[in-house]
Amino acid sequence: MAAAVVTPSRLTALAKARCAIFQTAYNPTSARTGAKYLRARLRGPSMVNYYPKDIDLCMSKFAKEWPELDLVNFAEAQRVWDVDMKRARGKGAPAKAKDKSQSRRTQRRR
């Protein structure tokens, strides 16, 4: 008994039917479609759940939330003290101009 020859048109029809049954994309030219990556499970949600939530341990936020504790931010207190000492020695920031006539820029142009 001789084996039957399968025609290419029958093979393409079989491929189309297989894709319809198994719900895959019919791609006879083997073009790159990215279907493997589109089918894959999304990684974003599991990555977000893997890392813990950021806990912002900022002293100023604690002090604002619980003013009855009288918390002191030592870095801020040191900064304010340094600014006061500079101002006492005359090394602080210059006073801001209240109007245009007090501005240093307009005085230089005259």
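This text goes with the structure placed above it.
Chemist: So, the overall build of the protein chain: which residues are in play, and what are the values?
Modeler: A tally of helices and strands in the protein chain yields six helices and zero strands. In the protein chain, the order of α-helices and β-strands from amino to carboxyl end is α-α-α-α-α-α. For the protein chain, whose C-alpha radius of gyration is 37 Å, the value lies well above the compact-globule estimate of 13 Å for 110 residues. Across its three principal axes, the protein chain shows a C-alpha extent of roughly 110 × 55 × 20 Å. Here the protein chain holds 110 residues, and the buried ones make up 2% of them. Summed over its atoms, the accessible surface of the protein chain is roughly 11500 Å², and 58% of this surface lies on carbon and sulfur atoms.

Chemist: Got a sec to walk through the packing of aromatic side chains? Specific residues and values, please.
Modeler: According to the stated counting rule, one finds one aromatic pair in the structure shown. Between Y50 and Y51 the ring centres are 5.1 Å apart and the planes differ by 90°, which places this aromatic pair in the edge-to-face class. Across the pair, exposure class does not vary: Y50 and Y51 are exposed alike.

Chemist: Help me get a handle on helix α5 (residues 74-89), residues and values and all.
Modeler: Along its 16 residues, α5 runs 23 Å from first to last C-alpha, staying within 8% of the 22 Å computed at 1.5 Å per residue. Once α5 ends, the next one or two residues include G90, with phi positive near 85°.

Chemist: Kindly report on the environment of P94, identifying the contributing residues and their values.
Modeler: In this structure, P94 sits in the loop between α5 and α6 (104-109). On the basis of relative accessibility, which here comes to 66%, the residue P94 falls in the exposed class.

Chemist: Before we move on, can you summarise the environment of D82 with the specific residues and values?
Modeler: Mapping D82 onto the fold places it in helix α5. C-alpha of D82 to C-alpha of G92: the two residues are 10 residues apart in sequence and 9.6 Å apart in space.

Chemist: Explain a nonpolar patch on the surface to me, using residue names and the numbers behind them.
Modeler: On the surface, I55, L57, M59, F62, W66, L69 and L71 cluster together into a nonpolar patch covering about 680 Å² of accessible area. Along the chain, I55 turns up in the loop between α3 (44-50) and α4 (59-65). Among the residues examined, I55 registers a relative accessible area of 70% and is labelled exposed.

Chemist: I'd like a rundown of the pattern of salt bridges, residues and numbers included.
Modeler: This model, assessed by the stated rule, comprises two salt bridges. For the salt bridge of R79 with E76, the shortest nitrogen-to-oxygen distance reads 2.8 Å. A residue pair is termed a helical-turn pair when its members lie 3 or 4 positions apart in one helix, as R79 and E76 do in helix α5 at three residues. Since its relative accessible area comes to 45%, R79 is described here as partly exposed. Judged by relative accessible area, which is 36%, E76 ranks as partly exposed.

Chemist: Residue-level account of unusual backbone geometry, with values.
Modeler: Trans peptide bonds make up most of the peptide bonds, and negative phi angles are found at most residues other than glycine. Backbone geometry at Q23 places phi at a positive 55°, although glycine is not the residue there. With respect to the helices and strands, Q23 occurs in the loop between α1 (8-22) and α2 (35-39). Despite not being glycine, S30 shows a phi value in the positive range, around 60°. Along the chain, S30 turns up in the loop between α1 and α2.

Thresholds applied
Residues numbered from 1 in each chain as written. Predicted model: local features only at pLDDT ≥ 70, side-chain atom pairs only at ≥ 80, totals over all residues. Heavy atoms only, no water. Helix = DSSP H or I, 4+ residues; strand = E, 2+ residues; numbered from the N terminus. Rg over C-alpha atoms; globule rule 2.2 N^0.38 Å. Buried < 20%, exposed > 50% of the residue type's maximum accessible area, 1.4 Å probe, protein only. Areas by Shrake-Rupley, 256 points an atom, 1.4 Å probe, with all protein chains shown as cover. Phe/Tyr/Trp six-rings, centres within 6.5 Å; stacked < 30°, edge-to-face > 60°. Expected span 1.5 Å × (residues − 1). Patch = residues over 30% accessible without salt bridge, like charges linked within 9 Å, V, L, I, M, F, W, Y side chains within 5 Å. Salt bridge = Lys/Arg side-chain N within 4 Å of Asp/Glu carboxyl O.

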